[in-house]
Amino acid sequence: MVESPTRNTALTLSHEHTAATSSGYMMLIVMLVALGFGLFGASLLQDESTLGGALVAIAALVIAFVACGFYMQQPNQATAITLFGAYKGTDRKTGLRWLLPWLARKKVSLRANNMISERLKVNDLRGNPIEIAAQVVWRVTDTAQALFDIDDYKAFVIVQIEAAVRTIGARYPYDDFEHQEVTLRGNHDQVAAELRAELIARLATAGITVDECGFTHLAYASEIAGAMLRRQQAQAVVAARKTLVEGAVGMVEMALALLSEKNVVELDDERRAAMVSNLMVVLCGERDTQPVVNAGSLYQ
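Residues numbered from 1 in each chain as written. Predicted model: local features only at pLDDT ≥ 70, side-chain atom pairs only at ≥ 80, totals over all residues. Heavy atoms only, no water.

## Looking at the pairing of strand β9 (residues 129–140)
Buried residues dominate β9, accounting for ten of its twelve residues. Looking at chain direction, strand β7 (residues 113–116) and β9 are connected through four bridges and run antiparallel. Note on β9: the bridge partner recorded for Ile-116 is Gln-135. Strand direction decides the pairing type here: strand β8 (residues 120–123) and β9, joined by four bridges, are antiparallel. Among the inter-strand pairings, Val-122 is bridged to a residue of β9, identified as Ile-130. Joining the antiparallel neighbours β8 and β9 is a turn of five residues, in which Gly-127 adopts a positive phi near 90°. Two elements, β9 and strand β10 (residues 208–220), share eleven bridges in a ladder whose sense is antiparallel. (Buried < 20%, exposed > 50% of the residue type's maximum accessible area, 1.4 Å probe, protein only. Helix = DSSP H or I, 4+ residues; strand = E, 2+ residues; numbered from the N terminus. Pairing = 2+ DSSP bridges.)

And the structure:
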């Protein structure tokens, strides 16, 4: 006996379309008219008229039928309509609305939601552990996909935000001391735009879009934070020393050039080297220099 291969059934994608609903105010008028007929029929009951009883019964049925179909809808809300489990459309109009009582209704908020993810520990491109958290502004754009393609779209958003943050965090280094690469710390806007594109692609199946996102926390993990701080301090000291030495060399060159140009003093190579050494010590030293007065000749 040959077993049939396992079938992988694809997800049936839903798409939002407009539902056939009515204005609740018009149906409210119908209910008031039915109430008027019911009161008129009740007045005929005093004369033991069969017409009065029929009017009261019909008015009661109409009022009960119409009253069961009312629902309120606020701005930036939508109502998905189903009939025995089949999707029949979405109503986005606001105010008092009405539809047939046997149609099921489920409201969905279309308002923007602001969510801040938990601090996640991620290894960046160079393998350094970092802590990262993101803030995301999202909203539902397709109610049918949000309700019928995803079991719990709010939980789905939380999981996808975490996955996207981990993906982007591992795609770039935290910092680049040579300023030659795109980094998480130095290129915040570019990385945030890429995070938004990643989230939009991940949440498209849920009918959700992302309006804004960015990092709320970005730092080295505690186990390497001290070592990275010392590295940054060393890099800063080296950069400052480099700038200081370049400036000192320029000042020494200028001093020697002016002395030669104005014939203040003639220096041989040995005294020129000694003067350069003294000037570099004065200009590059961290402490104040102590002058030594030479009371003898230049060569003593």
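We are not done yet, so read on.
## A look at the packing of helix α4 (residues 153–171) against helix α5 (residues 188–203)
Relative orientation of the contacting elements α4 and α5 amounts to 140°, with a least axis distance of 9 Å. Comparing the axis directions of α4 and α5 gives the class oblique. The way α4 lies across α5 gives a crossing that is right-handed. Packed against α4, whose contacting residues are Phe-156, Val-157, Gln-160, Ile-161, Ala-163, Ala-164, Val-165, Thr-167, Ile-168 and Arg-171, the element α5 presents Val-191, Glu-194, Leu-195, Glu-198, Leu-199, Arg-202 and Leu-203 at the interface. Class assignment of the residues belonging to the contact of α4 with α5 gives a composition of eleven nonpolar, two polar and four charged. (Axes fitted to C-alpha atoms, helices over the stretch in contact; angles between N-to-C directions. Parallel < 35°, antiparallel > 145°, perpendicular 65-115°, else oblique. Left-handed = near helix turned anticlockwise from the far one by under 90°. Contact = heavy atoms within 4.5 Å. Nonpolar A, V, L, I, M, F, W, Y, C, P; charged D, E, K, R; others polar.)

## Notes on the side chain of Thr-209
With respect to the helices and strands, the residue Thr-209 is situated in strand β10. Judged by relative accessible area, Thr-209 falls into the buried class, the value being 17%. Setting aside anything within four residues of it in sequence, one finds Thr-209 in contact with Val-137, Trp-138, Arg-139, Thr-141 and Ile-200.

## Looking at the sheet that holds strand β5 (residues 95–98)
In spatial order, the strands read β1-β5-β2; together these three strands make up an open sheet with antiparallel pairing. Of all strands in the sheet, those with a lone pairing partner are β1 (22–23) and β2 (70–73), marking the two edges. The sheet contact formed by β2 and β5 spans four bridges and is antiparallel. Pairing of Gln-73 across the sheet is with Gly-95, part of β5. Sheet strands in contact with helix α1 (residues 24–44) are β1, β2 and β5, and its direction is about 65° off that of β5.

## Quick notes on the sheet that holds strand β3 (residues 77–83)
The strands making up a sheet associate through hydrogen bonds between their backbones, and the pairing can be parallel or antiparallel. Spatially, the three strands line up as an open sheet ordered β4-β3-β6, and their pairing is antiparallel. Looking along the sheet, the strands with just one partner apiece sit at the ends: β4 (86–91) and β6 (104–109). Taking each pair of neighbouring strands and ignoring which way they run, the sheet shows an average axis angle of 25°. The sheet contact formed by β3 and β4 spans five bridges and is antiparallel. The partner of Ile-81 across the bridge, within β4, is Gly-89.

That is the geometry; function is a separate question.
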